[in-house]
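Notes for the structure review
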Amino acid sequence: MGLVAVCGLVLAMLVTAFFQLSMYLGGGREMRNAVDAGALSVGQKVFTDKALKVNLPDDGPSAQFKDVADKHGEIGLANINRVWGKALLAEANAEAMQADGQGGSSKQHADMLFDAAKNLSNELTAKLNDENNLYPLFEEISEQNSMRMLGGQTKAEAFKNAQFWQTSLLDRGQETNIEVSSADVMPSAASYDALGVKKNRLPGYTPIKAGGRMFCFVPFVENERSHLVSRSYFDSNTFFAKPLLGVEWGNPVPNAFAVKGETKGHAVMGQEGMAFVLANPQKSYKLSMPHTFVHVKIEDNKLTWLLNSPSAVLGGHEVTIEKEETTYESKLIFKNKSGSSTSAIAGTLLGNGVPVGKEYTDATLESALFASDSEDGSREKLEKVLVQRINQMITEPGVSFTTADLRKMLKRGIDGDGHNFYIFSPDGKTVEIGPKDYAVSKAPWLIPLIGHDPDGSEKEILSLQSDFSLFGLVQVIPDEACSPYFPPFGIMEIKVKGKWTPGSGYDGCLGRVRMEHTNDAYFWGIAGPL
Amino acid sequence: MSRLKNRASNKGQSFIEVIVGSMLLVPIALFGLDVMVIVLASSANDTLAKNAARAAANQSVKVLAVAAAQKYVASVPKSAMVLDAKLDGSIDYQDKKQVEVKTAMKVKVPAAFAGMDVVELRAVAVEPIVAGPADI
């Protein structure tokens, strides 16, 4: 009986030991589940938690990034690439402007934007690398998971030791969440090639050069979610294990996080576990400078009546030139012009029904800008710079602006004050042009920006010239006993000049095109005594 | 004669000892077996809850999340021991935050004690929702 009792006791102890071991191992599994869930929680909430966002000031270069901030006006891991994208476009614009001899102060402004982007990026990196910011994100989920196999009151909490909460730079060379669907967004082919576009997106953790500065974006692979990764992949891609070369400031924003959990409140022995998560916001943007505009300025149309100009001696008489400058509206009009008599013109020189403003085929902005198709390609040149700048305003992925879109947009009539028009995108998808009141009503963000000038220097980009005869429209009415020396004649010279001042995008202005229309009406006619 | 008597009484004593011992050891052994089955089934149920919660967390709307969790749970093979596995009530889906899934598993123990031949195990798992773009 004693043997039976001993065997019974041993068996009971074995059963108890097995039970405890099973519970402990089961608790280990629960711990892994809780840690994995906590890691995924970090991978998701890292984009939305306020402690991991950077606030933008109200003024200074950093305030220029308010248009790429999130709905709370903050910069975080999901939209830091937009900040870098805007700075990159400014540098690319400035570089192209310098090459064209129109740099102005654009390079200085672009560098200010780069430095501001770097400061924002560094501040964000510091917050992401601070494990104290990640503990609550981990515990929010981990503590809710059951750990009953280790005790009814057991919870999985963060193991608070910075050594185990490292960050890493994964998916190097893979695409980011910044789309570049068309080369039209860049000011030159070379600047587009420098981007190294991959799957219509900027590459991540790959140095990109623009304006002599090195940019570095964070990769977020398309159609992927935040997910767990292996320890070996994580450890081999930390900044210290594999530094990013060629990035001048050496402080890239991480996209992967290590977490460690431990049990608290356990009955006997506790458990620990680690996991590694690669974050992905599943949100894409277009390489853009959202709150920007192009200014179209139509100067007063200048009309000059020139009677008997240039000066000449005709029939032994010194001809006095008469000149009168006025303006004309942007539509077809007819004017009568009378010339007063001089010693060389005993009579009245009259232009009868002279067509003025004939270059305006219709009262639209298209007429104001282009008048007619140019043979020297200058129309295409102006259209190209406008399309390129407009594409920088568009934020909606998959949407591009073409020359055909520009021509359609410019069919708008000339309204408002007739002189100042603004091209802008009210929603990041569509593009409009209109006078100031119209523009600010559609896009209130324009109000503080609309008065800003582009930071480049002006250069003529378009020059059109044509003339037509005023045959039959010029008369000389001689004084009594006088007669015209020769049949009067006239010619109308039309000149349309377009001047382009590019902008880097700093302070919102991507450029200004200034149009000058002149009509010079020449009349020749002299009368004298019979 | 007395040796014969001793042998007879020794055999009788051993037989009684075996009977009594068996009455003690066998239940303990069977109980241990039941415990082993319950612990393993509980662990399997925890895994079931976790995976169902993961499936639900990969959906961006509650309707799809419920369907995903149900589909996963329904795919668990039944056996002589695992009689049934199902979602325990509706899932708690908090849009853009987390999802909580409860599962219930009916397990038939090898050795029934006091009429307790089927044990219902419950597990709960909470996972963050990873479907859909970040809410920024």
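Rules used throughout
- Residues numbered from 1 in each chain as written.
- Chains lettered and ligands numbered in written order.
- Predicted model: local features only at pLDDT ≥ 70, side-chain atom pairs only at ≥ 80, totals over all residues.
- Heavy atoms only, no water.
- Helix = DSSP H or I, 4+ residues; strand = E, 2+ residues; numbered from the N terminus.
- Rg over C-alpha atoms; globule rule 2.2 N^0.38 Å.
- Buried < 20%, exposed > 50% of the residue type's maximum accessible area, 1.4 Å probe, protein only.
- Contact = heavy atoms within 4.5 Å.
- Areas by Shrake-Rupley, 256 points an atom, 1.4 Å probe, with all protein chains shown as cover.
- Lys, Arg positive; Asp, Glu negative; His and termini not counted.
- Charge placed at Lys NZ, Arg CZ, Asp CG, Glu CD.
- Buried area = accessible area lost by both parts, 1.4 Å probe.
- Salt bridge = Lys/Arg side-chain N within 4 Å of Asp/Glu carboxyl O.
- Pairing = 2+ DSSP bridges.
- Polar contact = N/O pair within 3.5 Å; in protein donor to acceptor, adjacent residues only side chain to side chain.
- pLDDT = per-residue confidence, 0-100.
- Core = buried A, V, L, I, M, F, W, Y, C linked by side-chain atoms within 4.5 Å.
- Phe/Tyr/Trp six-rings, centres within 6.5 Å; stacked < 30°, edge-to-face > 60°.
- Lys NZ or Arg CZ within 6 Å of the ring centre and 35° of its normal.

What to know about the overall build of chain A
A tally of helices and strands in chain A yields 10 helices and 27 strands. Relative to the compact-globule value of 24 Å for 530 residues, chain A shows a C-alpha radius of gyration of 36 Å, a clear excess of over 25%. Projecting the C-alpha coordinates of chain A onto the three principal axes gives extents of approximately 160 × 40 × 35 Å. Per-residue burial over chain A gives 54% buried out of 530 residues. Counting contacts in chain A only where the partners sit at least 6 residues apart, residues at least 24 apart contribute 73% of the total. For chain A, the computed accessible surface area is about 21800 Å², with 52% contributed by carbon and sulfur atoms. Averaging the locations of the 52 positively and 64 negatively charged side chains of chain A gives two centres separated by 7 Å.

Regarding the interface of chain B and chain A
Buried accessible area, meaning the area lost when the parts come together, often serves as the stated size of an interface. At the junction of the two partners, chain B supplies 35 residues and chain A supplies 40 residues. Across the chain B/chain A interface, buried area totals approximately 3200 Å², and carbon plus sulfur atoms make up 63% of it. Counting across the interface, chain B meets chain A through three salt bridges. In this structure, the salt-bridge partner of Asp135(B) is Lys71(A), at a minimum N-O distance of 2.8 Å.

Quick look at the pairing of strand S25 (residues 489-502) of chain A
Residue and element names in this part refer to chain A. When strand S22 (residues 459-469) meets S25, the two strands line up antiparallel, connected through 10 bridges. Directly across from Ser469, in S25, lies its bridge partner Ile491. Where S25 meets strand S26 (residues 509-524), 14 bridges bridge the pair, whose relative direction is antiparallel. Note that in S26 the partner of Lys495 across the bridge is Thr518. The antiparallel hairpin formed by S25 and S26 contains six residues in its connecting segment, where Gly505 sits at a positive phi of about 110°.

A word on the environment of Gln271(A)
Residue and element names in this part refer to chain A. Looking at the element boundaries, Gln271 is found in the loop between strand S10 (256-264) and strand S11 (272-278). Sequence separation of Gln271 and Leu25 is 246 residues, and the distance between their C-alpha atoms is 9.4 Å. In contact with Gln271, not counting residues within four places along its chain, are Tyr24, Gly27, Gly28, Met31, Leu150, Gly261, Glu262 and Thr263. Among the polar contacts listed, one links the side chain of Gln271 to the backbone oxygen of Tyr24, at a separation of 3.0 Å.

Remarks on the side chain of Glu383(A)
Residue and element names in this part refer to chain A. Relative to the helices and strands, Glu383 resides in helix H8 (residues 378-391). Take Glu383: its relative accessible area is 2%, and that puts it in the buried class. With residues up to four places along the chain from it excluded, the contact list for Glu383 reads Phe370, Thr403, Leu406 and Arg407.

Here's the deal with the confidence of the model for chain B
Reading predicted coordinates in detail is not appropriate for stretches of low pLDDT. Residues and elements named next belong to chain B. Looking at chain B as a whole, the pLDDT averages 88, with 92% of positions reaching at least 70. By mean pLDDT, helix H1 (residues 2-57) is the weakest element of chain B at 82, and strand S2 (residues 92-94) is the strongest at 96. We note a pTM of 0.89 for the whole complex and an ipTM of 0.86 for its interfaces.

Some remarks on the side chain of Arg389(A)
Residue and element names in this part refer to chain A. Relative to the assigned elements, Arg389 resides in helix H8. For the buried Arg389, no salt bridge is present, and the opposite-charge side chain at shortest range is Asp455, 6.9 Å distant. Among the polar contacts made by the side chain of Arg389, one reaches the main-chain carbonyl oxygen of Gly503 at a distance of 3.0 Å. Beyond its immediate chain neighbours, meaning those up to four positions away, Arg389 contacts Asn93, Met97, Pro187, Val294, Trp500, Pro502, Gly503 and Leu510.

Some words on the nonpolar core
Phe65(A), Leu77(A), Phe215(A), Phe257(A), Leu287(A), Ile423(A) and Phe523(A) are the most contacted members of the largest nonpolar core, which totals 122 residues. Per-element accounting of this core gives the leading share, nine residues, to helix H2 (residues 80-99) of chain A. Sequence-distant contacts of Leu287(A), that is, excluding residues within four places in its chain, are made with Gly85(A), Leu89(A), Ile178(A), Glu179(A), Val180(A), Val185(A), Met186(A), Leu195(A), Leu202(A) and Ile394(A). Residues Ala57(B), Ile91(B), Val99(B) and Leu121(B) belong to the second largest nonpolar core, which totals 27 residues.

Some thoughts on the packing of aromatic side chains
All names here are of chain A. Tallying each qualifying case throughout the model produces 14 aromatic pairs over all chains. Ring geometry for Tyr135 versus Trp165: centroids 4.9 Å apart, planes at 80°, classification edge-to-face. Within this pair, whereas Tyr135 is found in helix H4 (residues 131-142), its partner Trp165 is found in the loop between strand S3 (155-158) and strand S4 (167-168), the two being separated by 30 residues in sequence. Neither residue differs from the other here; Tyr135 and Trp165 are each classed as buried. Each ring, one from Trp305 and one from Phe523, has its centre 5.7 Å from the other, and the planes form 45°; the classification is tilted. Taken as a pair, Trp305 in strand S14 (residues 301-307) and Phe523 in strand S26 lie far apart in primary sequence, 218 residues in all. What makes Trp305 buried here is its relative accessible area of 4%. One aromatic cluster in this structure is built from Phe486, Phe489, Tyr522 and Trp524. The ring of Tyr135 carries Lys160 above its face, with NZ or CZ at 5.2 Å from the centroid. The aromatic ring of Phe159 is capped on one face by Lys260, whose charged end is 4.4 Å from the ring centroid.

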